[in-house]
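Each chain, written out:
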2 protein chains.
Amino acid sequence: DLDPLIPEPCVPFSLQIPNVVPAYLNLHYTCETGSRLLFSSVIWVSKLPVFRSLPDDCQVQILRSCWTELFVLGLAQSAPQLAFSTIVTSLVNCFKAAVVQEKLTAARIKLMADNISRLCDFVQNIQRIGVDDYEFAVLRLLLLFSTDNIRREPMRHSTSLEGIQDIACRCLRVHIDQSHHPSQSDRFAKLLLKLPALRTFNANTMEDLFFANLIGQVQID
Amino acid sequence: DLDPLIPEPCVPFSLQIPNVVPAYLNLHYTCETGSRLLFSSVIWVSKLPVFRSLPDDCQVQILRSCWTELFVLGLAQSAPQLAFSTIVTSLVNCFKAAVVQEKLTAARIKLMADNISRLCDFVQNIQRIGVDDYEFAVLRLLLLFSTDNIRREPMRHSTSLEGIQDIACRCLRVHIDQSHHPSQSDRFAKLLLKLPALRTFNANTMEDLFFANLIGQVQID
């Protein structure tokens, strides 16, 4: 029997989309979405019984070390509701304006362009597979309880982390077998192989892109 | 039938250990090992038929984007022959000397300490699972043919990359079933879940640690 690692009510990931008329979609919409997405991700995680059972400082440490991954995964999951392509256009425009105004160093520009392009690839990739809510929930759990994300001494040396990963993987396997993807024998591996890409996003750059830093610099609008 | 994605002669990973008397193990041994390890990794990859079949510039692009991952995986695979703990001691000593001499910025020191610690964790983690040569070969293949490592237009949009990943995963599954690990139903997932950690090593820092840059700065020996 599999533990109820992700109880039914914990499966969905809900995001309240900013209430803006599409014609006015712009960088503020992007930043507003970014903040809500981060907030929703933290809420989702904090409802998870297995996460709540951790000591407080350990919870903080985990959230600090993988907020970027949670954020990008949430973005991929919410992309259809979010008018993702509009967000990307807004980021690219803002980024171009910053380049023209020479407010950013070449290294930072390169990082930003690279992160935007990786973000598009990742979202496109996830959408092509058609990941469902339960699968997103397991991926989120796996990135939270990755052995190398948790570097707090008492946690690192326990085997409980690997135990959680094992159970999460078994849940995912059962779900794939029982769900609408029984014919896709490669689906399990395909999903796990999406995790490495999440590690490539640069936290500072994601902050620049989604959390207002850039607005202060280029004064869009 | 599974394609011979990793032909028999391609499975082993051979590294010629520098011929140094253990008493003199020091930073030069580490740098010498680093160079040989990188060289062996490139040789291993270049023998792989599926890699050789790629256009030259694509081969170069892949090696550039994932040399750090190949390097760390090779280090983990060769750790038992390499007196890995001695290498770590040498890196830490060298690093301490650099800190004392205040030749490094705080940010660089933090990155170095973090990368050394992650390296130890990763190697320890891999050793605990007891990964065999074939499994290392598949992991190497998976990181080479990761969809987000290859950003060259004609490659990105083809499905051939995912095809290679699928076959590699099937080979790994068959190998685990047939090999000495039939009882470990979680082994397949455990191995795939080692890949994200490989993405966290910083290429510049690994260069600093293993490829002579640091020697020039701290003048050890």
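Residues numbered from 1 in each chain as written. Chains lettered and ligands numbered in written order. Predicted model: local features only at pLDDT ≥ 70, side-chain atom pairs only at ≥ 80, totals over all residues. Heavy atoms only, no water.

What the UniProt record of chain A gives under Sequence similarities (unreviewed entry) is the line "Belongs to the nuclear hormone receptor family. NR0 subfamily." (UniProt positions renumbered as here; feature names shortened; annotations may be inferred.)

Attention now moves to the overall build of chain A. Scanning chain A from terminus to terminus reveals twelve helices and zero strands. In chain A, the order of α-helices and β-strands from amino to carboxyl end is α-α-α-α-α-α-α-α-α-α-α-α. Among the 221 residues that make up chain A, the fraction classed as buried is 55%. Partitioning the intrachain contacts of chain A with sequence separation of at least 6 by distance along the chain shows that 80% fall at a separation of at least 24. For chain A, the accessible surface area stands at approximately 10000 Å², while carbon and sulfur atoms represent 54% of it. (Helix = DSSP H or I, 4+ residues; strand = E, 2+ residues; numbered from the N terminus. Buried < 20%, exposed > 50% of the residue type's maximum accessible area, 1.4 Å probe, protein only. Contact = heavy atoms within 4.5 Å. Areas by Shrake-Rupley, 256 points an atom, 1.4 Å probe, with all protein chains shown as cover.)

We now examine the pattern of salt bridges. Applying the stated rule across the entire model yields 14 salt bridges over all chains. Residues Lys190 of chain B and Asp166 of chain A are paired through a salt bridge, measuring 2.9 Å at the closest nitrogen-oxygen approach. Of the two residues, Lys190 of chain B is situated in helix H9 (residues 187-192) and Asp166 of chain A in helix H8 (residues 160-178); the pairing between them involves two chains. The class of Lys190 of chain B is buried, set by a relative accessible area of 17%. We classify Asp166 of chain A as buried; its relative accessible area is 15%. (Salt bridge = Lys/Arg side-chain N within 4 Å of Asp/Glu carboxyl O.)

The next thing to look at is helix H4 (residues 84-100) of chain A. With 17 residues, H4 of chain A ought to run about 24 Å at 1.5 Å a step, and its terminal C-alpha atoms sit 24 Å apart, in line with that. Taken as a whole, H4 of chain A has its buried residues at Phe84, Ile87, Val88, Ser90, Leu91, Cys94, Phe95, Ala97 and Ala98 of chain A. (Expected span 1.5 Å × (residues − 1).)

The next point concerns the packing of aromatic side chains. Residues and elements named next belong to chain A. Going through the model one piece at a time under the given rule, you end up with eleven aromatic pairs over all chains. Taking the centre distance of 6.4 Å and the plane angle of 80° together, the rings of Phe122 and Phe201 count as edge-to-face. Here the residue Phe122 occupies a position in helix H5 (residues 106-129), and Phe201 occupies one in the loop between helix H10 (195-198) and helix H11 (203-210), the gap between them amounting to 79 residues. A relative accessible area of 4% means that Phe122 is categorised as buried. On the accessibility criterion, Phe201 (7% relative accessible area) is buried. Site record: aromatic cluster; members linked through ring pairs are Trp67, Phe71, Phe210 and Phe211. Here Arg140 stacks its cationic end above the ring of Phe13, 4.2 Å away from the centre of that ring. (Phe/Tyr/Trp six-rings, centres within 6.5 Å; stacked < 30°, edge-to-face > 60°. Lys NZ or Arg CZ within 6 Å of the ring centre and 35° of its normal.)

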